[in-house]
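# Observations on chain architecture
The residues making up each chain are set out below.
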Amino acid sequence: MQQRSVRTSLLALTVAAVVGAGTLAAPAQAADTAANAAARTAGPRHAATQAALERLVEAGGQPGAFARVDDDAGTWTGAAGFADTATGRRHTADEHFRAASNTKPFIATVLLQLAAEGRLDLDDTVDDWLPGRVRGHGHDGRAITLRQLLNHTSGIFNHTDDPAFGARSSGAGFPAHRYDRHRPEDLVAVAMQHPPTNAPGGPPHYSNTNYVLAGMVIEKATGHSYAHEVRRRILRPLGLTETSFPGNDPTLPAPHPVGYSRLHDPAPDAPVHDATEQDMSWLGAAGEIVSTTRDLNRFHRALLGGRLLPPAQMAELRRTVPAGDGYGFGLGTDAVELSCGTTVLGHTGRTNGSLSAMFGTPDGRHQLTFDVNGDWLPDPALYVDVAEAEFCGAPPPAGGDRPAPPSAG
């Protein structure tokens, strides 16, 4: 059906054209069977979510996946597959992972806090804060507002879509360039080598460069790095002790899964690389963060519950720009209507070796965060079905509609 084709195309954005088929070899002595899944006991309330994790791993050929749910009834955790396929090590609930674009809600929250404090205005232009930085090939920072950065209506080209940059950061060149260091201004310069996707204020077009610039504005407004401000304003007050901004440190804190990547090679027999170590400055403020399912659920619960922003800024956060077919870009927090009619708010993330998602109900009372330690999917709908299962009780039947927030990176 046409509606499904639209949602499928949006879903392709969610996983940033992650493709590939086949399965990742697992230790023969530890095959992930239905019996193993049953031993982990999903419980009746989350049985559909556990089953969706199993399908994601088994039908999707992924190494493993793990999830956490927090709601008024308490906490549930589930997992499938392996944290390390070579040893057969299972996932644990406290694993750290690269949450990639789930960084964006943190950055947007800081900018909204600064707006509440009167230190900036969302209608300020990019040029007000970063004079001359957004120029070239039709880009003009004098015509782009901070709000347009946050809801992706700026028209600024996405630097990770540059073919040469993409090949180095997450394609065939990744093994040789995984430790490259990038300055924010260099990422913006890559984007300025291309024309805008559209005029400012036009249809939303996802761009990681928007949030690189937002991070630079935070530094100009406060005199501190975006990482410092997120730590001071969000991580410490909420006790998010397992969340960090690694900067140029390419390692992950323990415990963590191995991050497996096919580096966007669509061949069925494409080699699988260990992408666990990488310098995330290629995304910076758009996707640097490392976290856990517990910390992301706690942040999301506090954000949607109104603990981090005054009412006026919460209204700004929730105001979405339609992206078609029930989707909307908010300020760092996107909205999507699932197949059962339930609307969830949140974000998704992708980097080499990791696909993650953070969803919650608008009242802040029900959160789901999950991560996959692989980055290819023969059927991306399997990824979305984890959220469908948790918030709708079951994914749509085969061939049915499977919505997903249109974000990548």
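Here's a quick rundown of the structure. (Residues numbered from 1 in each chain as written. Predicted model: local features only at pLDDT ≥ 70, side-chain atom pairs only at ≥ 80, totals over all residues. Heavy atoms only, no water.)

## Side note on the overall build of the protein
Counting its regular elements, the protein contains 14 helices and 14 strands. The burial tally for the protein puts 59% of its 409 residues in the buried class. Of the contacts formed within the protein by residues at least 6 apart in sequence, a portion of 73% connects residues at least 24 apart. Split by element, the accessible area of the protein, about 14,500 Å² in all, is 54% carbon and sulfur. (Helix = DSSP H or I, 4+ residues; strand = E, 2+ residues; numbered from the N terminus. Buried < 20%, exposed > 50% of the residue type's maximum accessible area, 1.4 Å probe, protein only. Contact = heavy atoms within 4.5 Å. Areas by Shrake-Rupley, 256 points an atom, 1.4 Å probe, with all protein chains shown as cover.)

## Here's the deal with the nonpolar core
Grouped together as the largest cluster of nonpolar side chains are 62 residues, with contacts concentrated most on Phe 106, Leu 120, Ile 234 and Phe 299. Secondary structure elements with two or more residues in this core: helix 4 (104–116), helix 5 (126–129), helix 6 (146–150), helix 9 (184–191), helix 10 (208–222), helix 11 (226–238), helix 12 (293–304) and helix 13 (311–318). The residues touching Ile 234, leaving out its near neighbours within four places in the chain, are Phe 106, Thr 109, Val 110, Glu 229, Leu 240, Phe 299 and Leu 308. Core analysis: the second largest hydrophobic core is formed by 27 residues, Leu 338, Phe 370, Tyr 383 and Phe 391 among them. (Core = buried A, V, L, I, M, F, W, Y, C linked by side-chain atoms within 4.5 Å.)

## A short note on the pattern of salt bridges
A complete count under the given rule lists 17 salt bridges for this structure. Between Glu 117 and Arg 233 there is a salt bridge, and its shortest N-O distance comes to 2.7 Å. Here Glu 117 is found in the loop between helix 4 and helix 5, whereas its partner Arg 233 is found in helix 11, with 116 residues between them in sequence. With relative accessibility at 43%, the residue Glu 117 sits in the partly exposed group. Arg 233 sits in the buried class, given a relative accessible area of 10%. (Salt bridge = Lys/Arg side-chain N within 4 Å of Asp/Glu carboxyl O.)

## Some words on helix 10
Along its 15 residues, helix 10 runs 22 Å from first to last C-alpha, staying within 8% of the 21 Å computed at 1.5 Å per residue. With 13 of 15 residues buried, helix 10 lies mostly within the body of the structure. Residue Gly 223 follows helix 10 closely and has a positive phi angle near 80 degrees. (Expected span 1.5 Å × (residues − 1).)

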